[in-house]
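Take a look at the letters that make up each chain.
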Amino acid sequence: MSYKMVRLDKLGKIITGNTPSNKKSEYYNEATTPFIKPNNFNPISISSLAEADEHLSLKGAAEGRLVEEGAVLVTCIGTIGSVGIASKQICFNQQINAVVPDEDVVNNRYLAYAIINRREQLRAIANAPVVPIINKKKFSAFEIPLPPLETQKKIVEVLDKAQALIDARKEQIRLMDELIQLVFYEMFGDPVTNPKGWEVKKLSEILETQPQNGMYKPKSEYVKNGFGVPILRIDALYNGKVENWDLKRINCSEKELEKYGLNVDDIIINRVNSIEYLGKCAHIDRLIEATVFESNMMRFSVVTSKINPFYLTRLLSHQYVYNQILICAKKTVNQASINQQDVKSFDIVVPDINLQNAFTLRAKEIEKRKNDLLESSNCMDENFKSIMNSAFLGELFKSGV
């Protein structure tokens, strides 16, 4: 059984957001109404939209686009297809379209899930190659499958239960990272105050190899289809390690590979970026194949008899080092940078090496549990997609789910 396809403007009122004039302070003073923007959305699942980093006053909200609790909002400029539901009265900007659903026709959570399920089709109708845009006319004409209201509610019940399990698993994964941080504090104390009185050295005192900037290659040197040499970029780094080894590839000579090739136990640190990402780092704990690193990063190695590189990357990721980065960073309009001398000047708390090694073992045990949870989470995500596809093809209850 398949469901009929229905245009969004047949399911409720379509509203495109706007931004009240920033020149009128009375629109933003004494602000009470959340002003929603695309960054307030979860890019994967349904967001509950109630909080924002900016608010409008009563006068500002009157000039804006105001919707009540229950409206379904979709990002339609730049990032296409993030979906949320207003959980209170909110306003929203021009990058977002809203559907105020007719409750006698469509369940708002069903509508949200249906748009997420057809996200790729929505993205396919966006125009403008540089900044994707879906205007109100195209958005209004976008179609979703529509079963009877009672069937919609049953589908939502199944999908909500599945999503709750996924969210619980992702929270477990988040807590694994938090647990490693707690172990760090338990064993070493807060490096800002150094309550255990550990020795403090300049990074330059514990280096095995000096900091070296990475390799620049123009876009024309990037290759596909599995050819070339993998190049490590900043987007692969997370929480002190390389989390994604599915890297882009480049043409690379033997001489370049010798100069820029990574080694196990190297440390990579971001040297040019927006200020919030400056200093992002990773310990190279393994290599799948010969790999080079990009020019906006630098790499170095340390004397492992003095400092454990896994411990060091945890310290480099701490506010203690970031405060030092803020002091030495050279700022321009859109980005900031640090140089090799800045990195060598970092003050590094150096606990007993045996304690560092013990921390590394405990942390890696926790990471192994986290990886098991990640694998399970990926399976749950795939199962969820399968359930969604069955739901919107009209096969969910026919199959007995």
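Preceding this paragraph is the structure being described.
Residues numbered from 1 in each chain as written. Predicted model: local features only at pLDDT ≥ 70, side-chain atom pairs only at ≥ 80, totals over all residues. Heavy atoms only, no water.

## Topic: the sheet that holds strand E8 (residues 79-86)
Sheet strands pair via backbone hydrogen bonds, and the direction of the pair is either parallel or antiparallel. Here is the rule: Paired strands, in this sense, are two strands between which DSSP finds at least two bridges. For helices the rule is a DSSP run of H or I covering at least 4 residues; for strands it is a run of E covering at least 2, with both sets numbered from the N terminus onward. To obtain each axis, a line is fitted to C-alpha atoms, and for helices this fit is confined to the stretch in contact; angles are then taken between N-to-C directions over 0 to 180 degrees. By the convention used here, residues are in contact when the closest approach between their heavy atoms is within 4.5 Å.
Within the open sheet, the 5 strands sit side by side as E2-E10-E7-E8-E4. Their pairing is mixed. Of all strands in the sheet, those with a lone pairing partner are strand E2 (12-16) and strand E4 (47-49), marking the two edges. Going from strand to strand, the sheet's axes swing by 30 degrees on average, the running direction of each strand aside. In this sheet, E8 lies alongside strand E7 (residues 72-77) in antiparallel orientation, the contact comprising 5 bridges. By the bridge assignment, Val72 is partnered in E8 with Ile85. Its contacts with the sheet place helix H2 (residues 108-117) against E7, E8 and strand E10 (96-101), and it is angled at close to 165 degrees to E8.

## Digging into the sheet that holds strand E14 (residues 222-223)
With respect to topology, 4 strands assemble into an open sheet ordered E14-E18-E15-E22, the strand pairing being mixed. Each of the sheet's edge strands pairs with one partner strand only, and the pair in question is E14 and strand E22 (292-293). One ladder, built from 2 bridges, connects E14 with strand E18 (residues 249-250); its direction is antiparallel. Bridge pairing in E18 places Val223 opposite Arg249.

## What about the nonpolar core?
Here is the rule we go by: Residues belong to a common nonpolar core when they are buried Ala, Val, Leu, Ile, Met, Phe, Trp, Tyr or Cys residues joined through side-chain atoms within 4.5 Å. With a 1.4 Å probe rolled over the protein chains alone, any residue whose accessible area is under 20% of its type maximum counts as buried; one over 50% counts as exposed, and the rest are partly exposed.
Ranked by size, the top nonpolar core spans 40 residues in total, and within it Leu203, Phe300, Leu312, Phe346, Ile348 and Phe359 carry the most contacts. Examining the composition of this core, we find that 7 residues originate from one element, helix H5 (residues 149-188), more than from any other. Of all hydrophobic cores here, the second largest spans 37 residues; its members include Val83, Phe139, Ile155 and Phe384.

## Some words on the packing of aromatic side chains
Our working definition: Only the six-membered ring of Trp is used, alongside the rings of Phe and Tyr, when aromatic pairs are assigned; centres must lie within 6.5 Å, and planes under 30 degrees apart are stacked while those over 60 apart are edge-to-face, with the rest tilted.
Scanning the model with the defined rule gives 10 aromatic pairs in all. Between the aromatic rings of Tyr260 and Phe293, the centroid separation amounts to 6.3 Å while the plane-to-plane angle is 70 degrees, which identifies the pairing as edge-to-face. One end of the pair, Tyr260, is in helix H6 (residues 254-260); the other, Phe293, is in strand E22, and 33 residues separate them in sequence. Neither Tyr260 nor Phe293 differs from the other in exposure class; each is buried. For the ring pair Phe310 and Phe359, a centre distance of 5.9 Å and an interplane angle of 45 degrees mean the geometry is tilted. Of the two residues, Phe310 is situated in helix H7 (residues 309-316) and Phe359 in helix H10 (residues 353-392); the sequence distance between them amounts to 49 residues. By relative accessible area, which is 6% here, Phe310 ends up buried. The class for Phe359 is buried, based on a relative accessible area of 0%.

## A closer look at a nonpolar patch on the surface
Formally: To count toward a patch, a residue needs a relative accessible area above 30% and no salt bridge. Like charges then connect within 9 Å, nonpolar side chains (Val, Leu, Ile, Met, Phe, Trp, Tyr) within 5 Å. To be clear on the numbers: accessible area is Shrake-Rupley with a 1.4 Å probe, and residue cover counts the displayed protein chains and nothing else. When a carboxyl oxygen of Asp or Glu is within 4 Å of a side-chain nitrogen of Lys or Arg, the pair counts as a salt bridge.
Taken together, the side chains of Val130, Val131 and Ile133 make up a nonpolar region of the molecular surface, amounting to roughly 260 Å² of accessible area. Positionally, Ile133 belongs in the loop between helix H3 (119-124) and helix H4 (136-141).

## Some remarks on the packing of H5 against H10
Inclusion rule: Roughly parallel refers to an angle under 35 degrees, roughly antiparallel to one over 145, roughly perpendicular to one between 65 and 115, and oblique to any angle outside these ranges.
At a minimum axis distance of 10 Å, the contact between H5 and H10 shows a crossing angle of 170 degrees. If you check the angle between H5 and H10, you find them roughly antiparallel.

## Details of unusual backbone geometry
Look at Asn194: it is not a glycine, yet its phi comes out positive at around 45 degrees. Taking the relative accessible area as the measure of exposure, Asn194 reaches 17% and is therefore buried. Even without a glycine there, the phi angle at Asp265 is positive, about 80 degrees. Its location among the elements puts Asp265 in the loop between H6 and strand E19 (267-270). Taking relative accessible area as the criterion, Asp265 reaches 29% and is therefore assigned partly exposed.

## Some remarks on H2
Operational definition: Any pair of nitrogen or oxygen atoms within 3.5 Å is treated as a polar contact; in protein, a donor-acceptor pairing is required on top of that, and neighbouring residues in sequence qualify only through side-chain atoms on both sides.
In terms of residue burial, H2 counts as a mostly covered element, since 7 of its 10 residues are buried. The complete set of buried residues in H2 reads Tyr110, Leu111, Ala112, Tyr113, Ala114, Ile115 and Ile116. Capping the start of H2 is the job of one residue whose side-chain oxygen sits 2.9 Å from the backbone nitrogen of Arg109: Asn107.

## As for the pairing of strand E3 (residues 33-36)
Side chains Thr33 and Phe35 of E3 all project onto a buried face; the interleaved residues Pro34 and Ile36 project onto the opposite face, where all are buried too. Of the strand pairs in this sheet, E3 and strand E5 (residues 55-56) are connected by 2 bridges, and their pairing is antiparallel. Opposite Thr33, over in E5, you have Leu56 as the bridge partner. For E3 and strand E9 (residues 90-92), the ladder comprises 2 bridges, and the chain directions are parallel. Counted as the bridge partner of Ile36 is Phe92 from E9.

Remember that the coordinates give geometry; whether it matters functionally is a separate question.
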